[in-house]
Amino acid sequence: MRRLFWLGLGVVAGVALSRKATETARQATPAGLASNLGDAVRELAGAVGSFGAEVRAGMNEREQELHDMVEERTGYSAPVAGGRHAAAGRPARRARRAEG
């Protein structure tokens, strides 16, 4: 009975080590390395994109806070990017004509 137990344990360990060795060997091939590199680049691009989105959201929030503060203290409704407020009290800019 003991011999059968150790035989079974050896077979299970051999199969597990064989699968691990096969996976490690596949990752060491050029195709495996390219796959790992591609995954890493996609993950990095996603992280950079989400960081940029969070920065833009924070900038917009802070800009809105500053506009609200200026409007509260001065009563002047300054134009906000995106056209939320009307440009009260500001003359329209004239386009320059190219002379030549």
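Residue numbers run consecutively from 1 along every chain, following the written order of its sequence. Local features are withheld for residues below a pLDDT of 70 in this predicted model, meaning they are given only at 70 or higher, and side-chain atom pairs are given and counted only at 80 or more; totals for whole chains, interfaces and linings count all residues. Each side-chain value is derived from all of the structure's non-hydrogen atoms; neither hydrogens nor water enter the calculation.

Going by what an unreviewed UniProt entry lists, the protein chain is known as Secreted protein and is assigned to Amycolatopsis samaneae.

A.B. asks: Requested: an account of the overall build of the protein chain, with residues and values cited.
C.D. replies: Working definition: helices are DSSP H or I runs of at least four residues, strands are E runs of at least two. Numbering for both runs from the N terminus. A tally of regular secondary structure across the protein chain gives two helices and zero strands. For each residue, the accessible area found with a 1.4 Å probe, counting protein chains only, is set against the maximum for its type, and the residue is called buried under 20%, exposed over 50%, and partly exposed in between. Considering the protein chain as a whole, with its 100 residues, one finds that 8% of them fall into the buried category. Summed over all atoms, the accessible surface of the protein chain reaches about 9,200 Å², with 61% contributed by carbon and sulfur. Per-residue accessibility takes into account occlusion by the displayed protein chains alone, with areas from the Shrake-Rupley method and a 1.4 Å probe.

A.B. asks: Describe the pattern of salt bridges, listing the residues and the values that go with them.
C.D. replies: Salt bridges are defined by distance alone: a side-chain nitrogen of Lys or Arg within 4 Å of a carboxyl oxygen of Asp or Glu. Under the defined criterion, the tally for this structure stands at three salt bridges. Between R26 and E23 there is a salt bridge, with its nearest N and O atoms 3.3 Å apart. Of this pair, R26 and E23 both sit in helix 1 (residues 2-27), three residues apart, which is roughly one turn of that helix. Relative accessible area serves as the criterion here: at 42%, R26 is assigned to the partly exposed category. Where R42 meets D39, a salt bridge forms, and the shortest distance between an N and an O atom there is 2.6 Å. With R42 and D39 both in helix 2 (residues 30-74) and three residues apart, this pair spans about one turn of that helix. Given the relative accessible area of 57%, R42 is considered exposed. On the accessibility criterion, D39 (39% relative accessible area) is partly exposed.

A.B. asks: Give me a nonpolar patch on the surface: which residues, what numbers.
C.D. replies: A surface patch of nonpolar side chains, amounting to about 570 Å² of accessible area, comprises M1, L4, L7, V11 and V15. Looking at the secondary structure, you find V15 in helix 1. To count toward a patch, a residue needs a relative accessible area above 30% and no salt bridge. Like charges then connect within 9 Å, nonpolar side chains (Val, Leu, Ile, Met, Phe, Trp, Tyr) within 5 Å.

A.B. asks: Outline the packing of aromatic side chains, supporting the account with residue identities and numerical values.
C.D. replies: Pairing of aromatic side chains requires ring centres within 6.5 Å, counting the rings of Phe and Tyr and the six-membered ring of Trp. Pairs whose planes differ by under 30 degrees are stacked, by over 60 edge-to-face, and all others tilted. The tally for this structure, following the rule as stated, stands at one aromatic pair. Summarising the aromatic geometry, the rings of F5 and W6 are spaced 5.1 Å apart at their centres and angled 75° between planes, so their arrangement reads as edge-to-face. Side by side, F5 and W6 carry an identical accessibility label, which is exposed.

A.B. asks: Could you give an account of the confidence of the model for the protein chain, with specific residues and numbers?
C.D. replies: You can read pLDDT as the predictor saying how much it trusts each residue, on a scale of 0 to 100. On average, residues of the protein chain score 83 in pLDDT, and 79% of them are at 70 or above. Contacts between residues were defined by any pair of non-hydrogen atoms, one from each residue, lying within 4.5 Å. The low-confidence segment residues 85-92, where pLDDT is below 50, has 11 contacts with residues more than four positions distant or belonging to other chains.

A.B. asks: A description of helix 2 should follow, citing residues and the corresponding values.
C.D. replies: Take the number of residues in a helix, subtract one, and multiply by 1.5 Å to get its expected span. Helix length check: helix 2 (45 residues) gives 65 Å between terminal C-alpha atoms against 66 Å at 1.5 Å per residue, within 8%. Every buried residue of helix 2 is accounted for by G32, G52, Q64 and H67. Among the structural elements, helix 1 are those in contact with the buried residues of helix 2. G75 sits one or two residues past helix 2 and shows a positive phi near 80°.

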